[in-house]
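Survey of secondary and tertiary structure
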Amino acid sequence: MPTTNLKDKAAQGFLWGALNNGTMQVLNAVFGIVLARLLSQEDYGLIGMLTIFTLIANSLQDSGFVAALTNRRNATHRDYNSVFWFNICVSLCLYIFLFFFAPLIADFFNEPILTDLSRYYFFGFFIASFSIVPRAILFRQIRQRELAIMGLVALLVSGIVGITMAYNGMAYWGLATQTITFNLMVSILSWVFSCWRPTMLVSITPIREMFGFSSKMLITNIFNQVNNNIFSLVLGKLYTKVEVGTYSQANKWNLMGASTITGMVQGVAQPTFVQVGDDPARLRRAFSKMLRFTCFISFPVMFGLSLIAPEFIVLLIKDKWLSSVHFMQYLCIGGAFLPIATLYFNLIISRGKSNIYMWNIIAQGCTILSCILLVHVFGGSILHMIQTYVTIIILWTGIWHIFLYKEIRYSFLSAIRDILPFLFIASISMLITYFATRWIDNLYLLLVTRIFLASFLYLATLWLFGTKILYECISYLLHKKQTKG
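Residues numbered from 1 in each chain as written. Predicted model: local features only at pLDDT ≥ 70, side-chain atom pairs only at ≥ 80, totals over all residues. Heavy atoms only, no water.

1. A short note on the pattern of salt bridges
Opposite charge on two side chains allows them to pair when their charged atoms are near. Within the structure shown, the criterion is met by 2 salt bridges. Among the ionic pairs, aspartate 418 bridges to arginine 292, the shortest N-O distance being 3.4 Å. Linking aspartate 418 in helix H18 (residues 412–436) with arginine 292 in helix H12 (residues 280–307), this pair joins segments that are 126 residues apart in sequence. The two residues aspartate 418 and arginine 292 agree in class, both being buried. In this structure, the salt-bridge partner of glutamate 311 is arginine 450, at a minimum N-O distance of 3.2 Å. Note that glutamate 311 is positioned in helix H13 (residues 309–317) and arginine 450 in helix H19 (residues 443–464), a separation of 139 residues in sequence. What makes glutamate 311 buried here is its relative accessible area of 5%. You can call arginine 450 buried: its relative accessible area is 5%. (Salt bridge = Lys/Arg side-chain N within 4 Å of Asp/Glu carboxyl O. Helix = DSSP H or I, 4+ residues; strand = E, 2+ residues; numbered from the N terminus. Buried < 20%, exposed > 50% of the residue type's maximum accessible area, 1.4 Å probe, protein only.)

What follows is the structure, given as structure tokens:
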């Protein structure tokens, strides 16, 4: 990929990451709206019960080697080849295990249909194992353009398959097939774009050399998936399919917004920090700029999604999902802090401190699980559980900062200066928009007005105060436009 320096490469990575994740989430939203109109809460509830098992299996098949390969200064074909065959073997063993474990999953949730559904649905992660190394190569090289094309094509094809099956009455089978098709397309295209091919000369040495780092990443990724999907597991056991489906629908839209920004950060942060090297001053400058950019995007997008949640739900996926509005609003507030946490732990990982990342995620997961179970024991509702979860996610940013400070001496006051202006301006813009538009009765007009007014207030305020990151973004985009012209 033609680049002049690391700064341009990171900027291009952010730009392509934004286009990739933004376009993917728009397509995801379109497909999600159509599917939500065709399917019921029970259909989403069944898939929601299985999601955590698939995500944990994905973490196990990856085994932390993608991050390990990215951190490896001079990765060779032998390294990639060894990881590829290791992942294939692990994935096959996992699928066989889950195939025979499926009846126990069905018994746990008291849903007999989950036996056959899970055996079919879980096959998707085995297919995904073929793309791990090719995607790691593209990720290491910050080739966000290829990753963007790959994701968009896979999403488009799988979305069409899912909608077609749902329209023909195959309900949750359509949702499962959509996931399998997505993984299949990603695997095919990752091989095409990476131009990498495995060989039969396998060495266990690279696995041993990377195992110390990757094993910690593996444990961390598992707990990360548990943290992000704990409600699907807890609610699936304690509540009905309808309640699980209602939560899953709310969280889906929250994650669409948050993952758009997180994907931008994730695709650039770790490889950029690795290439910056061990200079603390340069790392502080790079981290500070990325933090300001992340906050500049994350707070208005996620707070804005929380603001328009009622109109969004009713107009796009019908009022049968109205009960998910309050869930979505709180989840989006917490979702605004997920990209910030992603930036923090990517710098920690780039410093080779996978143990810090691991123990912090484990502690966070145990805290979340303990607190939401206590809420349930004391008679709290699902909404109270979500409020507790969001509070922990926000407060945990401070825990991440403690470990970051030890690595690069980036002070808490510096973080406050980088975060608070965007948090404050986004919050005020949403509050003014909310009170200024309460009189509008037409839902379509209300939705459009809130989006445009909130965007105008936020950007105008940043412009008025001469916010550097806004000028830099405009300057970069105009420069690229002039260069192409």
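2. A word on the layout of surface pockets
Looking at the second largest pocket, its volume works out to about 320 Å³. Forming the boundary of the second largest pocket are Phe303, Ser306, Leu307, Pro310, Glu311, Gln329, Ile333, Ser427, Met430, Leu431, Tyr434 and Arg450. Elements represented by at least two residues in the lining of the second largest pocket include exactly H12, H13, helix H14 (325–335) and H18. In terms of residue count, H18 provides more of the lining of the second largest pocket than any other element does, 4 residues in total. Looking at side-chain class alone, the lining of the second largest pocket contains 7 nonpolar, 3 polar and 2 charged residues. (1 Å grid on protein atoms, 1.4 Å probe; cavity = no way out; pocket = protein on both sides within 12 Å on 5 of 7 lines; lining within 4 Å. Points joined across faces, edges and corners; volume = space filled by probe spheres on them. Nonpolar A, V, L, I, M, F, W, Y, C, P; charged D, E, K, R; others polar.)

3. Side note on the side chain of serine 82
By secondary structure assignment, the location of serine 82 is in helix H4 (residues 77–109). For serine 82, a relative accessible area of 2% corresponds to the buried category. When sequence neighbours within four positions are dropped, the list of residues in contact with serine 82 reads Val202, Ser203, Pro206 and Ile207. (Contact = heavy atoms within 4.5 Å.)

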